[in-house]
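Topology and contacts: notes
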Amino acid sequence: MVAESAREFAEKRLKPVAQRWDEEEAIPREMYSEAAELGFLGIMLPEEYGGLGLDYPAYVAAMEELARGNAAFQVGVTVHNSLVASAILKFGTEEQRRKFLPKMAKGEWIGAYCLSEPGAGSDAASIRASALKEGDHYILNGTKAWVSNGGFAQVFLVFVVTNKDLGKRGVSCLLVERGLPGFTVGKKEKKLGIRASDTREIVFQNCRVPRNALLGVENEGFKIAMAQLDNGRISIAAQAVGVAQAAFEEAVAYSKARQQFGRPLCEFQATQFKLAEMAMNIDAARLLTYRAAGMMKQGVRCTKEASMAKLFASTMCNKVAFDALQLHGGNGYTREFPVERYFRDARITEIYEGTSEIQHLIIAREVLGR
Ligand code: CAA
């Protein structure tokens, strides 16, 4: 049911405007409120916090459909759900849950995840942003980079160094609210794909954050960052499946409509084999994604399976988008056809929430043991 509702929303409210949003590089803020009315901003949150109380596979099904409609919109929804709201649910105090989650489920407050910095991307443990204790406050200084939803989010999950002598064991996680003195939203990134998503730099200059903003245990924030990325990577796998599915559907329709050498393209075996490969690989990626989501539902650690799903799905998505564009020939290279956008949107799935190289590294570590 949730997948059907997401599909309908994507068909009516996302797909028809996706190209315009891409050109304008922006999504109207009210779209998130609309999605919240259908429950998409609190799918996995318990009903007592205003959520739908559904499980991870249901969430993944909805995320695939939203991405099929528009990946730029979907990424904001997944960051909000799987990186931020689920962290508050899992690691937050009851007071923090009651304060943030109902507003997040309603879409009044959107979440953003601030881990990366200009100098700390793949090597997340090398972050420099710091929080020094002063009375009952932390004083934050530093810059966070590539923050999705940064321009309009209200709740920022910020990873900071609280003890620089302890390396990654001296990192903490703070729930920072927008608008505190010393909190500045920086430049909006001009991107190759998912252009409509809002990607920002966030700057903290002597920003005073109350001590009760600490999420979980002090100096154990790096593990929260990593655990949340297991969640997030499954959502990005679902995104890659959704984008690939959209590109595939365009390729099928085009191959039936386009005539060359007196026949529709779909009558050439070269086209048929390409479509068969696409269909098989999309399904394989979808199954890996559901396997990881099923483990998440069981509460079993799925670091390896989440990385496998993300790596396979994002590689597959780029190949499918490439082939779908190729099948469209010259038309595919123009903005008249959506495959041009799918081709650009696919690219990020191999980069954010850990590059493909980092996914290889994580899988290898899990296979070999530490
Ligand atoms: N769950 C729970 N704990 C975990 C964990 C997981 N998945 N992975 C690691 N940990 C724990 C480890 O057990 C270890 O704990 P101990 O200190 O007790 O031993 C601790 O965390 C440190 O782990 P590592 O030693 O493995 O850390 P590392 O420095 O070697 O880094 C890495 C590992 C996998 C390379 C990590 O830095 C990483 O994931 N890099 C990629 C960063 C990334 O994905 N960034 C995404 C940015 S967010 C984004 O893109 C969102 C967006 O806007 C769309």
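Here's what I pulled together on the structure shown here. What you are looking at is a predicted structure, and each value in this text was computed from that prediction instead of being measured.

**Examining the overall build of the protein chain**
Counting its secondary structure elements, the protein chain contains ten helices and ten strands. The C-alpha atoms of the protein chain give 21 Å as radius of gyration, which agrees with the globular expectation for 370 residues (21 Å, within 12%). Out of the 370 residues belonging to the protein chain, those deemed buried represent 55%. Taking contacts inside the protein chain between residues at least 6 apart in sequence as the whole, the part at least 24 apart equals 74%. In the structure as shown, the protein chain presents an accessible area of about 16,200 Å², 54% of it carried by carbon and sulfur atoms.

**Description of the packing of helix 6 (residues 221–257) against helix 9 (residues 339–348)**
Contact pair helix 6 / helix 9: the axes reach a minimum separation of 10 Å and the direction vectors enclose 160 degrees. Between helix 6 and helix 9, the angle falls in the class roughly antiparallel. Seen along the crossing, helix 6 lies across helix 9 with a hand that is left-handed. Here helix 6 contributes Gln-239, Val-243, Ala-246, Ala-247 and Glu-250 to the contact with helix 9, which in turn contributes Val-339, Tyr-342, Ala-346 and Ile-348. Considering only residue class, the contact of helix 6 with helix 9 consists of seven nonpolar, one polar and one charged.

**Considering the side chain of Asn-149**
Tracing the backbone shows Asn-149 in the loop between strand 3 (137–148) and strand 4 (155–161). Taking the relative accessible area as the measure of exposure, Asn-149 reaches 3% and is therefore buried. Contacts of Asn-149, omitting those with residues within four sequence positions, involve Gly-76, Val-79, His-80, Ile-110, Gly-111, Ala-112 and Asp-198.

**Let's talk about the nonpolar core**
Formed by 116 residues in total, the largest nonpolar core has its most connected members in Phe-73, Tyr-113, Leu-140, Phe-156 and Phe-159. It is helix 6 that contributes the most residues to this core, 17 residues altogether. Beyond its immediate chain neighbours, meaning those up to four positions away, Leu-140 contacts Ser-130, Ala-131, Val-158, Val-160, Leu-174, Val-176, Phe-204, Gln-205, Asn-206, Cys-207 and Val-209.

**Re the packing of aromatic side chains**
Under the criterion given, the structure shown has 13 aromatic pairs. Relative to Tyr-59, the ring of Tyr-56 has its centre 5.2 Å away and its plane inclined at 70 degrees; by these criteria the two rings are edge-to-face. Linking Tyr-56 with Tyr-59, this pair stays in helix 3 (residues 56–69), spanning three residues, or about one helical turn. Among the aromatic residues, those joined into a ring-pair cluster are Phe-9, Trp-21, Tyr-32, Phe-40, Phe-73 and Phe-152. In this structure, Lys-103 is placed above the aromatic ring of Trp-109, and the distance from its NZ or CZ to the ring centre is 5.1 Å. It is Arg-211 that lies over the ring of Tyr-138; its NZ or CZ is 5.7 Å from the centre.

What counts, and where the lines are drawn
Residues numbered from 1 in each chain as written. Predicted model: local features only at pLDDT ≥ 70, side-chain atom pairs only at ≥ 80, totals over all residues. Heavy atoms only, no water. Helix = DSSP H or I, 4+ residues; strand = E, 2+ residues; numbered from the N terminus. Rg over C-alpha atoms; globule rule 2.2 N^0.38 Å. Buried < 20%, exposed > 50% of the residue type's maximum accessible area, 1.4 Å probe, protein only. Contact = heavy atoms within 4.5 Å. Areas by Shrake-Rupley, 256 points an atom, 1.4 Å probe, with all protein chains shown as cover. Axes fitted to C-alpha atoms, helices over the stretch in contact; angles between N-to-C directions. Parallel < 35°, antiparallel > 145°, perpendicular 65-115°, else oblique. Left-handed = near helix turned anticlockwise from the far one by under 90°. Nonpolar A, V, L, I, M, F, W, Y, C, P; charged D, E, K, R; others polar. Core = buried A, V, L, I, M, F, W, Y, C linked by side-chain atoms within 4.5 Å. Phe/Tyr/Trp six-rings, centres within 6.5 Å; stacked < 30°, edge-to-face > 60°. Lys NZ or Arg CZ within 6 Å of the ring centre and 35° of its normal.

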